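Summary of the model geometry
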Amino acid sequence: MFTEVAPELFVLSEPLSFYGFQIGRNMVVVRLPNDDLFVNSPAKLTQERVEALNDLGSVRYVTPSSKLHGHAHMEEYKRVFPDAELFAAPGLDRRRTDLVFDGLLGSAPDSRWAGVVDQAPFLGHWWLTEIEFFHRPSKTLIVGDICYNLGPETPLKTRLGMRLLGMYGDITVPRDIRYTMKNETAGRQSVDRILEWEFERVIVGHGRIAERDAKRRFRDAFDWLH
Ligand SMILES: [Fe+2]
């Protein structure tokens, strides 16, 4: 169910249809040195998933990537895992007033995961501030919606649609994000800060995990930001 992508790093990939396109979604779990689990973009819980998570460790920190990505099932985690704390991405606390958050995600990691997971915001977009994470031991960058990586594994309609949107075959930034930047300088600075991390793998919110030459591909995906 959870694939161990690297030591202490697990991914649950599941189908997701978005306007008829099969883009899938990835939930990421980092096991911290004390066996506490840091969860990003939590998937809907099932009995099997609860058991799998309990086998991995103790679910403690549940994080979305943004006010749009990865928050849909957070409340289930609070209900099922007694030690879970929910964190809000920028703007999510206003969007999900039904939830009680234990903390806000910002430009610096919480001390309880900072030893293993770093974080930085992607700034400069009109309405979306996304928090990107870096799992230092496995050299893995974890993003939400700022780039996708969809390829030949998707059905024909998705491949055609993604080609039209300029989002096919590699790590790419959706056009709607590119064309709705408010402050490109802030976006560039955010990407430059992310590129300071020595990552060799990128886990996107939607699409394939990029393993080969991932840092160059991520850098190239943002070459339009000056
Ligand atoms: Fe998303």
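Let me sum up the structure you'll find in this document.

So, on to the nonpolar core. By size, the foremost hydrophobic cluster in this structure holds 26 residues, and its most contacted members are L141, V143, C147, F199, V202, F218 and F222. Contributing elements (two or more residues each) for this core: β10 (117-122), α6 (184-195) and α7 (214-221). The contact partners of F199, leaving out residues within four places of it in the chain, are F134, K139, T140, L141, I194, A214, K215 and F218. Counting 24 residues, the second largest nonpolar core, distinct from the first, contains F2, L37, L53 and L56.

Mapped onto the elements, E76 comes out in helix α2 (residues 74-80). Residue classification places E76 among the buried residues on the basis of a relative accessible area of 11%. In this structure the side chain of E76 is engaged in a polar contact, spanning 3.0 Å, whose partner is the side chain of H73. Setting aside residues no more than four positions away along its own chain, E76 makes contact with K44 and L45.

Counting buried positions along strand β11 (residues 130-135) yields 6 of 6 residues, so the element is predominantly enclosed. Here β11 shows a buried face lined by E130, E132 and F134 and a second buried face lined by I131, F133 and H135. Two strands pair when backbone bridges link them, and β10 and β11 are joined in this way by 6 bridges, in the antiparallel orientation. Residue A120 lies in a different strand from β11, and its bridge partner there is E132. One ladder, built from 3 bridges, connects β11 with strand β12 (residues 140-142); its direction is antiparallel. Paired with F133 across the bridge in β12 is I142. The antiparallel hairpin formed by β11 and β12 contains 4 residues in its connecting segment, where K139 sits at a positive phi of about 55°.

Let us look at the sheet that holds β10. The mixed open sheet is built from 4 strands, whose spatial order is β10-β11-β12-β13. Looking at strand neighbours, the two that pair on one side only are β10 and β13 (201-203), the edges of this open sheet. Adjacent strand axes in the sheet meet at a mean angle of 25° when their direction is disregarded. The pairing of β12 with β13 spans 3 bridges and is parallel. Each residue of the ladder has a partner; that of T140, found in β13, is R201. This element, α6, spans β10, β11 and β12 of the sheet and lies at about 165° to β10.

For the rest of this paragraph, the subject is unusual backbone geometry. Unusually for a residue other than glycine, D35 sits at a positive phi of about 75°. Summarising the element assignment, D35 is placed in the loop between β5 (25-31) and β6 (36-40). We classify D35 as partly exposed; its relative accessible area is 43%. Positive phi, normally seen in glycine, also occurs at S41, with a value near 55°. You can see S41 is positioned in the loop between β6 and α1 (47-56).

Moving on, we get to the pattern of salt bridges. One pass over the full model with this rule turns up 20 salt bridges. The partner of R60 in a salt bridge is D36, with the nearest N and O atoms 3.3 Å apart. On the criterion of sequence distance, the pair formed by R60 in strand β7 (residues 58-63) and D36 in strand β6 is long-range, its members being 24 residues apart. D36 matches R60 in its accessibility class, with the two residues each being buried. Between K215 and E198 there is a salt bridge whose closest N-O contact spans 3.8 Å. With K215 in helix α7 and E198 in the loop between α6 and β13, this pair connects stretches of sequence that are 17 residues apart. Given the relative accessible area of 15%, K215 is considered buried. Judged by relative accessible area, E198 falls into the exposed class, the value being 54%. When salt bridges with common partners are traced through the structure, they connect D36, R60, E85, D110 and R112 into a single cluster.

Calculation criteria
- Residues numbered from 1 in each chain as written.
- Predicted model: local features only at pLDDT ≥ 70, side-chain atom pairs only at ≥ 80, totals over all residues.
- Heavy atoms only, no water.
- Core = buried A, V, L, I, M, F, W, Y, C linked by side-chain atoms within 4.5 Å.
- Buried < 20%, exposed > 50% of the residue type's maximum accessible area, 1.4 Å probe, protein only.
- Helix = DSSP H or I, 4+ residues; strand = E, 2+ residues; numbered from the N terminus.
- Contact = heavy atoms within 4.5 Å.
- Polar contact = N/O pair within 3.5 Å; in protein donor to acceptor, adjacent residues only side chain to side chain.
- Pairing = 2+ DSSP bridges.
- Axes fitted to C-alpha atoms, helices over the stretch in contact; angles between N-to-C directions.
- Salt bridge = Lys/Arg side-chain N within 4 Å of Asp/Glu carboxyl O.

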